[in-house]
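Commentary on secondary and tertiary structure
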Amino acid sequence: MREITESTIQAVEAKALSLRRHIISMLGEAGSGHTGGSLSAADIVACLYFWEMNVDPHQPQKPDRDRFVLSKGHAAPVLYAALAEKGFFPVTELAGLRKLGNPLQGHPDMRKVPGVEASTGSLGQGISWAVGMALAEKMNGGGSYRIYALLGDGEIEEGLVWEALMAAAHYKLDNLTAFLDHNRLQIDGPISQVMSPEPVADKFRAFGWETLVIDGHDIGQIMPALELARSTHGRPTAIIAETIKGKGCSFMENKAEWHGTAPNREQTIQALKELGIGPEPV
Amino acid sequence: MEKQATRDAYGKALVELGRKYSDVVVLDADLSKSTKTADFAKIFPNRFINAGIAEQNMMGMAAGLAASGKVPFASSFAIFATGRAFEIVRNSLAYANLSVKICATHAGITVGEDGGSHQSVEDLAIMRCVPNITVVAPADGTSTRKAVEAVYHHSGPVYLRLGRPAVPVLYDESLDFQIGRGIELRGGKDATLIGCGIMVAKCLEAADRLREQGIDVSVVDMHTIKPIDRDLIARKAHDTGAILTVEEHSVLGGLGGAVCEVVCEQFPVPVMRMGIEDRFGQSGTPDELLEYYGLSVDMIVANTRILVSKK
């Protein structure tokens, strides 16, 4: 077991802060995109790329790498930020987000960006890819790498998600771990009002998944949850991460209108200030 | 005349393919006895995945398998593979340009007694307009076996359209099957019959009858609908001056549409499209349905005579 100490936790927390700064900067530059759900997932994604997963930016296709599938593909900024921070491409390229001819598409394109494992964006499809990847790993004998997926809580309104969850349990895919970014908001408002998928943990359990509920912003809870997933045999693990949409920027937190909105110039400056960058560091 | 259903040939070809290539995996959605993937499942249980009655997830899982280095063959009835699962095929397979082979059986009205809900008359049109997807509709058992090998080696997503009923075997093992290259089965000067799938055999039969009536037609097996063999179509338009297309599919957007797109741009001549007029199928035997929807040898002969008279 890897060590979970104050210093390993703090190192990942620092990376999560960097991801949030990149997210705000690139969305401010792009002028459009999905801010709230990128920020809510920043701690999970930081923990995966900077503690959990075996990936090598110098060998993005190495066969035994762990795979991450961003099923909620609209949170592309958090994935791009992690890949750049990890060294898959220069951080300066993040400024090209959503611009004509740039590899950083509005939703992730595996054919254009090194380190992107699945072309996602149409909701529900990523978890299905992840199940296929986990099946492939098992067919090859198993035990060589793990597959991670990140789902949105609005996303699980898609029927395909439940087809995929059913298959993952049926085929006993204990090499698969899925996070649910449970920020409780979707474009049209609270998930409880638009189309409630609750109770989500009960549903994952009923579908045969080992299911944990944690604070998705507490690295000290994400790490042991991942350890537990590794030690679970015979079934996949779901980590229900309780999160706050827009986490880290006070004026964005818990507001559905920040689902698909990018900050303007003033808001970008304000948000970066809150994240410790700017004329008046926090 | 020897007969074989293209779905039967597919099932046998899959087993051969599985023996030759260890990266071949097969998915089905609870129809393996009908699509004939069951033989592969029996011999290679570790490389067969039953998705259950969940075609969308079957295609999504196929994407993940392909992204992990496998070559998945995903089978269901044409209506579900291209209809129910369309947007997963579009975004997860085609957009990502993954080497997944969508091999759908029970295409067209010759599904028969199950009726219109299960008879896909629009799959060629749907698949043809999606970027990156290659569309193949083989005419007989031999060309199906060759097509299965060819699509395995082809990089990118492929839609292979297969049928339920036994149809005449037209080719022997010497067939040189190449994706994108139509096969000129017979030369002729008065018109060209371009068919695909199970209608190719009917075109050949019609050509025999027409010859007895003094009309000399060429017959082409246009097994690849996309990318279509533009050179062959243009040459036949030039050499024979009239084209009749015949497909077990809607007259909108399939083989007939594809041929017209080439003819109007490269060498305009009269074209007549035979297929299912813009409507759904219904229950009946395959032969009754082909007759009812105007896809009989008699109708090919009659339409060719009209077409030739317009030249």
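Scroll up a little and you will see the structure.
Values in this document were obtained by computation on a predicted structure and should not be read as measured data.

With respect to the overall build of chain B
From N to C terminus, chain B includes 13 helices and 14 strands. Since a compact globule built from 311 residues should have a radius of gyration of about 19 Å, the 19 Å found for chain B is in line with a globular shape. By principal-axis analysis of the C-alpha atoms, chain B measures approximately 60 × 40 × 35 Å. Within chain B, contacts between residues at least 6 apart in sequence are counted, and of these 79% link residues at least 24 apart.

Things to note about the overall build of chain A
A count of helical and extended segments in chain A gives 10 helices and 7 strands. The globule rule puts the C-alpha radius of gyration for 282 residues at 19 Å, and the 18 Å found for chain A is close to it. For the C-alpha atoms alone, the extent of chain A along its principal axes is close to 55 × 45 × 40 Å. When burial is assessed residue by residue, chain A has 54% of its 282 residues classed as buried. Contacts spanning at least 24 positions in sequence make up 75% of the contacts within chain A whose residues lie at least 6 apart.

Some details on helix α1 (residues 6–30) of chain A
All names here are of chain A. The first and last C-alpha atoms of α1 sit 36 Å apart over 25 residues, in line with the 36 Å expected at 1.5 Å per residue. Listed in full, the buried residues belonging to α1 are V12, K15, A16, L19, R20, H22, I23, I24, S25, M26, L27 and G28. After α1 finishes, the residue G31 shows a positive phi value of roughly 80°.

Observations concerning the environment of A:Y80
Relative to the elements of secondary structure, A:Y80 occurs in helix α4 (residues 76–86). In contact with A:Y80, not counting residues within four places along its chain, are A:L94, A:L97 and A:L104.

A look at helix α10 (residues 230–240) of chain B
Note: α-helices contain 3.6 residues per turn, so residues at a spacing of three or four share the same orientation. Residue and element names in this part refer to chain B. Taken together, the buried positions of α10 are I233, K236, A237 and T240. The buried residues of α10 all sit within an arc of 100° when viewed along its axis, so they share a single face. The exposed set on the far side of α10, more than 90 degrees from its buried face, consists of D231 and H238. Directly beyond the C-terminal end of α10, a positive phi value near 75° is found at G241.

What to know about the interface of chain A and chain B
Each partner contributes to the interface: chain A provides 21 residues, whereas chain B provides 24 residues. Broken down by secondary-structure element, the contributors of at least two residues to the side of chain A that touches chain B are α5 (125–139) and α6 (159–170) of chain A. For the side of chain A that touches chain B, a count of residues per class yields 12 nonpolar, 5 polar and 4 charged.

Quick word on the sheet that holds strand β6 (residues 210–215) of chain A
Residue and element names in this part refer to chain A. Spatially, the 5 strands line up as an open sheet ordered β1-β2-β3-β7-β6, and their pairing is parallel. A single partner strand is all that each edge strand has here, and the edge strands are β1 (67–70) and β6. Direction aside, the axes of adjacent strands within the sheet are offset by 20° on average. Where β1 lies against strand β2 (residues 147–152), 4 bridges are found, and the strand directions are parallel. When the bridges of β2 are listed, V69 appears paired with A149. The strands that helix α9 (residues 219–230) touches are β3 (176–182), β6 and β7 (237–242); relative to β6, the one it contacts most, it runs at about 170°.

Procedures and definitions
Residues numbered from 1 in each chain as written. Chains lettered and ligands numbered in written order. Predicted model: local features only at pLDDT ≥ 70, side-chain atom pairs only at ≥ 80, totals over all residues. Helix = DSSP H or I, 4+ residues; strand = E, 2+ residues; numbered from the N terminus. Rg over C-alpha atoms; globule rule 2.2 N^0.38 Å. Contact = placed C-beta atoms within 7 Å. Buried ≥ 20, exposed ≤ 12 C-beta atoms within 10 Å, placed from the backbone. Expected span 1.5 Å × (residues − 1). Arc of directions from axis to C-beta. Nonpolar A, V, L, I, M, F, W, Y, C, P; charged D, E, K, R; others polar. Pairing = 2+ DSSP bridges. Axes fitted to C-alpha atoms, helices over the stretch in contact; angles between N-to-C directions.

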